[in-house]
Every structure is written in C-alpha cells, then in structure tokens.
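What the coordinates show
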Amino acid sequence: GPAAFVPKTYLNDGFPVLIANRSSLDELNRRIGGSRPPLPMSRFRPNVVVEGPEPFAEDSWRAVMIGDHLFHVVKGCPRCKQACTDQTTGERDSEPLETLATFRKFGGDVYFAVNAVPDVSVKKGSTIGPGDVVRVIRTGDPVFDIGAVAAE
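Let us look at the structure shown here.

Every buried residue of helix H1 (residues 22-32) is accounted for by Ser23, Ser24, Leu25, Glu27, Leu28, Asn29 and Ile32. Where the residues of H1 are buried, they touch strand E1 (17-21), helix H2 (97-103) and strand E6 (109-118). Looking at where H1 begins, the residue whose side-chain oxygen comes 3.0 Å from the main-chain nitrogen of Ser23 is Asn21. The positive-phi residue at the C-terminal boundary of H1 is Gly33, with phi of around 55 degrees.

Quick look at the structure:
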C-alpha cells in the first residue's frame, strides 16, 4: 500500500488540523454580549474555518472532505488561557473561557472547535486552501475525551 507520512505542521498543539465553525464563534460572541467588541476567530488559532453549518455542528463530525482530501475528526479541542489573550495588545481577560464554561464544559475542560488528522490517502505535498469546499462525510457522537477515541 501507499507509504504513510507525518505531515509537517507548524505552531500546532496536539493535532495538525484545527477546524472551527464561524457560526459557533458567532454564537459564542452573542452569549458574551455586552459592550465589548466581538472576539475574532484568531483567538482560537484554527487552520480551517468553515462557514454555513449550525453552531457547534462540528462536534458531531467524524470525517470531512476538504477539497479532494479526507480528514478524520478526532475530538473536540479543549481550550486553554491562550484564547484569553488579545494577540494585538497582549492583554488578557477572562473571555472566552468564562462564557464557554457556561455551556461548553465537559469534564474539567471547555471546548471550542475540533481536532482533525489527514487520512493516509492524503499525499505528501497536498494542499488545502481558501475556498475549498468542506463536505461532512460521516457524523457520530461528539468526543471530548481523548481516552474515548477508538482506532477505526
């Protein structure tokens, strides 16, 4: 069979791909409310942002096609205090973790966006980019605990 490769990724955490949903951010900003400006997507540092699905629909995604490339969604992404830092000013506050904790807390963590990995069929040197269509191939129960992830 084809040789698998480990993709080179930069500035990532535990997984090479973080998929975020614009509608989820809009819902989070609605819940934060007040007179503060809306939080930008950059606070969560995703490398794929989808537009169109209902808020937090990504929680149930198990596999997606981005362009012609298959990705497996492993689990929800637990958020740390890094998301509370304004990248422009370096200032920190309690948001978005404070509000996420009111409706996105599972176990001891709060979650926003989903971690994914490329399928072994994704060839070395392949790219995805702005405007690529994202299609949900398979859904399932949301996974928020890496211990619950089973090999397929």
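A few words now on the state of the cysteines. One pass over the full model with this rule turns up zero disulfides. Cysteine Cys80 is unpaired, with the sulfur of Cys77 as its nearest cysteine sulfur at 8.1 Å. According to the relative accessible area criterion, Cys80 is partly exposed, its value standing at 43%. The thiol sulfur of Cys84 is not disulfide-bonded, and the nearest other cysteine sulfur, from Cys80, lies at 8.3 Å. For Cys84, a relative accessible area of 0% translates into the label buried.

This brings us to the side chain of Asn29. As for its placement among the helices and strands, Asn29 is situated in helix H1. Overall, Asn29 belongs to the buried group, its relative accessible area being 16%. Excluding anything up to four places from it in sequence, Asn29 contacts Pro38 and Leu39.

Our next topic: the nonpolar core. The biggest cluster of nonpolar side chains holds 17 residues, and the ones touching the most others in it are Leu25, Leu28, Phe44, Leu100 and Phe112. For this core, the elements supplying multiple residues, two or more each, are E1, H1, H2 and E6. Those residues in contact with Phe44 that lie beyond four places of it in its chain are Leu18, Leu25, Leu28, Arg79, Ala83, Pro96, Leu100 and Phe112. Of all hydrophobic cores here, the second largest spans 11 residues; its members include Val50, Val64, Val73 and Ala116.

Within the structure shown, the criterion is met by six aromatic pairs. Seen in terms of ring centroids, Phe56 and Phe112 are 6.2 Å apart; in terms of plane orientation they differ by 85 degrees. Their pairing is edge-to-face. With a gap of 56 residues between them, Phe56 in the loop between strand E2 (48-50) and strand E3 (61-66) and Phe112 in strand E6 connect regions that are remote in the sequence. On the basis of relative accessibility, which here comes to 0%, the residue Phe112 falls in the buried class. Arranged with centres 5.9 Å apart and planes meeting at 55 degrees, the rings of Phe106 and Tyr111 form a pair that is tilted.

Most of E6 is tucked away, with seven of its 10 residues classed as buried. Pairing analysis gives three bridges linking E1 to E6, with the strands arranged antiparallel. Bridge assignment links Leu18 to a residue of E6, and that residue is Asn115. Examined bridge by bridge, strand E4 (residues 69-78) and E6 share six bridges and lie antiparallel to one another. Directly across from Gly76, in E6, lies its bridge partner Val114. Direction of pairing for strand E5 (residues 105-106) relative to E6: antiparallel, over a ladder of two bridges. Considered in E6, the bridge of Phe106 is made with Asp109. Hairpin geometry of E5 and E6 is characterised by an intervening segment of two residues between the two adjacent antiparallel strands and by a positive phi of about 65 degrees at Gly107.

Thresholds, definitions, all that
- Residues numbered from 1 in each chain as written.
- Predicted model: local features only at pLDDT ≥ 70, side-chain atom pairs only at ≥ 80, totals over all residues.
- Heavy atoms only, no water.
- Buried < 20%, exposed > 50% of the residue type's maximum accessible area, 1.4 Å probe, protein only.
- Helix = DSSP H or I, 4+ residues; strand = E, 2+ residues; numbered from the N terminus.
- Contact = heavy atoms within 4.5 Å.
- Polar contact = N/O pair within 3.5 Å; in protein donor to acceptor, adjacent residues only side chain to side chain.
- Disulfide = S-S within 2.5 Å.
- Core = buried A, V, L, I, M, F, W, Y, C linked by side-chain atoms within 4.5 Å.
- Phe/Tyr/Trp six-rings, centres within 6.5 Å; stacked < 30°, edge-to-face > 60°.
- Pairing = 2+ DSSP bridges.

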